[in-house]
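The residues making up each chain are set out below.
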Amino acid sequence: MRKRFLLISTIIVLSAFTFAACGKKSPSSPESTNSETTTAEPTTEKDTTEEEKPVATATSEESTKEQTKTTTATKKDEQAKPKSATGTYNGFADTSSVEIEMSDGSYQTFMVNDEDLVNKLNDMDEGTKITFTYGAVEGQANMEILSIE
């Protein structure tokens, strides 16, 4: 008799939890509404309409345009005359590239493949102003530092 009572009690308790859990919607579910969440201030019509404004999303054409902004260098780019620039050395981004804050305030990552340049940059303190020459490498998006003055 006691075992039957424990079994029935357990089934009832588990059923109650199951039904209670199935009836609630999670705050992240699409079916949930603002009425389920509580706030310190009551919501007004203006608040509701502001929350229901559509979010702008990029079309596939816009996404493609953004992807093509970062292009890889061609053989022609690699053969072009190296450029000179001044910037602030911010340290290595990984084992073969450094981050430099350019004189115009933008940040760029440059590859460093020459062992002597790697050693020279390792000896510098972050925040050091440098003047350097750089050029393109075929198939790469980032430019390569060719020399440091």
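Sequence order as written defines the numbering, with residues in each chain counted from 1. Per-residue local features are limited, in this predicted model, to residues with pLDDT of at least 70; the limit for side-chain atom pairs, both in listing and counting, is 80 or more; totals at the level of whole chains, interfaces and linings are taken over all residues. Side-chain metrics rest on all non-hydrogen atoms present in the structure, leaving aside hydrogens and water.

Asker: So what's going on with the nonpolar core? Residues and values would help.
Answerer: We define a nonpolar core as any set of buried Ala, Val, Leu, Ile, Met, Phe, Trp, Tyr and Cys residues linked to one another through side-chain atoms lying within 4.5 Å. A 1.4 Å probe rolled over the protein chains alone gives each residue an accessible area, and that area as a share of the maximum for its type sets the label: buried under 20%, exposed over 50%, partly exposed in between. Ranked by size, the top nonpolar core spans 16 residues in total, and within it Val 98, Ile 100, Phe 110, Phe 132 and Ile 145 carry the most contacts. Look past the residues within four positions of Val 98 in its chain and what remains in contact with it is Tyr 89, Gly 91, Phe 92, Ala 93, Gln 108, Thr 109, Phe 110, Val 112, Leu 121 and Ile 145. Any two residues whose heavy atoms approach within 4.5 Å are treated as being in contact.

Asker: Quick rundown of the pairing of strand 4 (residues 129-135)? Include the residues and the values.
Answerer: The buried fraction of strand 4 amounts to five of the seven residues, a majority that puts the element mostly inside the structure. For two strands to count as paired, DSSP must find a minimum of two bridges between them. Here a strand is any run of E in DSSP of at least two residues, a helix any run of H or I of at least four, and the numbering for each starts at the N terminus. Pairing analysis gives six bridges linking strand 1 (residues 83-94) to strand 4, with the strands arranged antiparallel. Across the sheet, residue Thr 88 finds its bridge partner in strand 4, namely Lys 129. Summarising the sheet, strand 4 and strand 5 (residues 143-148) pair through four bridges and their orientation is antiparallel. Bridge pairing in strand 5 links Thr 133 to Ser 147.

Asker: Tell me about the packing of aromatic side chains, and please be specific about residues and values.
Answerer: Working definition: a ring pair exists when centres of Phe, Tyr or Trp rings (six-membered ring for Trp) sit within 6.5 Å. Plane angles under 30 degrees give stacked, over 60 give edge-to-face, the rest tilted. Within this structure, the stated rule accounts for four aromatic pairs. Between the aromatic rings of Phe 132 and Tyr 134, the centroid separation amounts to 5.8 Å while the plane-to-plane angle is 40 degrees, which identifies the pairing as tilted. Overall, the relative accessible area of 0% leaves Phe 132 in the buried class. Feature note: the residues Phe 110, Phe 132 and Tyr 134 constitute an aromatic cluster, connected by ring pairs.

Asker: If you had to explain the side chain of Thr 133 to someone new, which residues and values would you point to?
Answerer: Within the secondary structure layout, Thr 133 lies in strand 4. Look at Thr 133 and you get buried, because its relative accessible area is 16%. Engagement of the side chain of Thr 133 in a polar contact is seen with the side chain of Ser 147, the distance being 2.5 Å. With near-sequence residues (within four places) excluded, Thr 133 lies in contact with Lys 83, Ser 84, Glu 144, Ile 145, Leu 146, Ser 147 and Glu 149. Pairs of N or O atoms are called polar contacts if they sit within 3.5 Å, as long as, within protein, a hydrogen donor faces a hydrogen acceptor (for residues adjacent in sequence, only side-chain-to-side-chain pairs).

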